[in-house]
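Structural description and commentary
Next come the chains, spelled out residue by residue.
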Amino acid sequence: MLTGTDRFIIDTRKFYSPYPFQFRFHSSGAPYGFMGGAAGPGKTLGMLMEQFQACNEFSNEDGPKVHSVLFRRTFPMLESTVITRFRETFPKELYRQYNEGKNQVTWLNGATTKFGSMQYEHDVWSWQGQWHHIGYDELCEFTFKQWSSTAAWNRCPVSQIG
């Protein structure tokens, strides 16, 4: 549904009810949010929702200039966790398309989220760009160099909506 300001209003409660720890993660004003815990309590889904929310803060005019990325260390793990969880959870009405070849979702406002991997330390250089939001599923699997290198690219060419 479009509003008068050319933005989609999406009621995420229809498909996502955050657990208390996910809610605290989403509400945190910290520059770097972290979730921890055993396998299975919803960390990956929480990260996907962060990408969705961050990208959908923008109008249809600014959306196509907004890009985010969510990493997993290896592609097989990316495919079996992040991509699988995205496909299981996000109804097709919430995005324009999912490009299998690029591992990229285009949201309704034209913003995009890439799902990527950095198996080897030097793979980090393939991800240079301007990323409004960068997420890591299982950050402990990445090297400090990978994390710190991508942190420099965590910027967006358009201003966030206040």
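As a reminder, the structure under discussion sits directly above these lines.
Residues numbered from 1 in each chain as written. Predicted model: local features only at pLDDT ≥ 70, side-chain atom pairs only at ≥ 80, totals over all residues. Heavy atoms only, no water.

Details of helix H3 (residues 75–89)
Threshold: The numbering of helices and of strands both runs from the N terminus, where a helix is a DSSP run of H or I of at least 4 residues and a strand a run of E of at least 2. Each helix should span, by expectation, one fewer than its residue count multiplied by 1.5 Å. Working definition for bend: take the seven residues up to and ending at a residue and the seven starting at it, fit an axis to each, and measure the angle between the axes. Note on exposure labels: buried denotes an accessible area under 20% of the residue type's maximum, exposed denotes more than 50%, and partly exposed covers the range between, all computed with a 1.4 Å probe on protein chains only.
Its 15 residues place the ends of H3 20 Å apart at the C-alpha level, agreeing with the 21 Å of an ideal helix rising 1.5 Å per residue. The largest bend in H3 comes to about 30 degrees, at Ile 83. Turning to H3, its buried residues number three or more, namely Leu 78, Thr 81, Val 82, Ile 83, Phe 86 and Thr 89.

A word on the nonpolar core
The test is simple: Side-chain atoms within 4.5 Å link the members of a nonpolar core, which is a set of buried Ala, Val, Leu, Ile, Met, Phe, Trp, Tyr and Cys residues. It only takes one pair of heavy atoms within 4.5 Å for two residues to be counted as in contact.
Grouped together as the largest cluster of nonpolar side chains are 24 residues, with contacts concentrated most on Phe 86, Phe 90, Tyr 95, Trp 107 and Phe 115. Contributing elements (two or more residues each) for this core: helix H2 (43–55), H3, strand E2 (95–99) and strand E3 (104–107). The element best represented in this core is H2, accounting for 6 residues. Contacts of Phe 86, omitting those with residues within four sequence positions, involve Leu 48, Tyr 95, Tyr 98, Val 105, Trp 107 and Phe 115. Listed in part, the 10 residues of the second largest apolar core include Val 69, Met 118, Val 124 and Tyr 136.

Considering the environment of Phe 75
Among the structural elements, Phe 75 can be located in helix H3. Sequence spacing of Phe 75 and Ser 117 is 42 residues, and the spatial spacing of their C-alpha atoms is 5.5 Å. Not counting the four nearest positions on each side in its chain, Phe 75 is found in contact with Ile 83, Asn 103 and Ser 117.

Points about the pairing of strand E1 (residues 67–72)
The condition is simple: Pairing between two strands requires that DSSP report at least two bridges joining them.
Across the 6 residues of E1, 5 count as buried, placing the element largely inside the fold. In terms of strand pairing, E1 meets strand E4 (residues 112–117) through 6 bridges, oriented parallel. Pairing of Leu 70 across the sheet is with Phe 115, part of E4. Bridge analysis of E1 against strand E5 (residues 133–136) gives 4 bridges, and the strand direction is parallel. Across the sheet, the residue bridging to Val 69 is Ile 134, located in E5.

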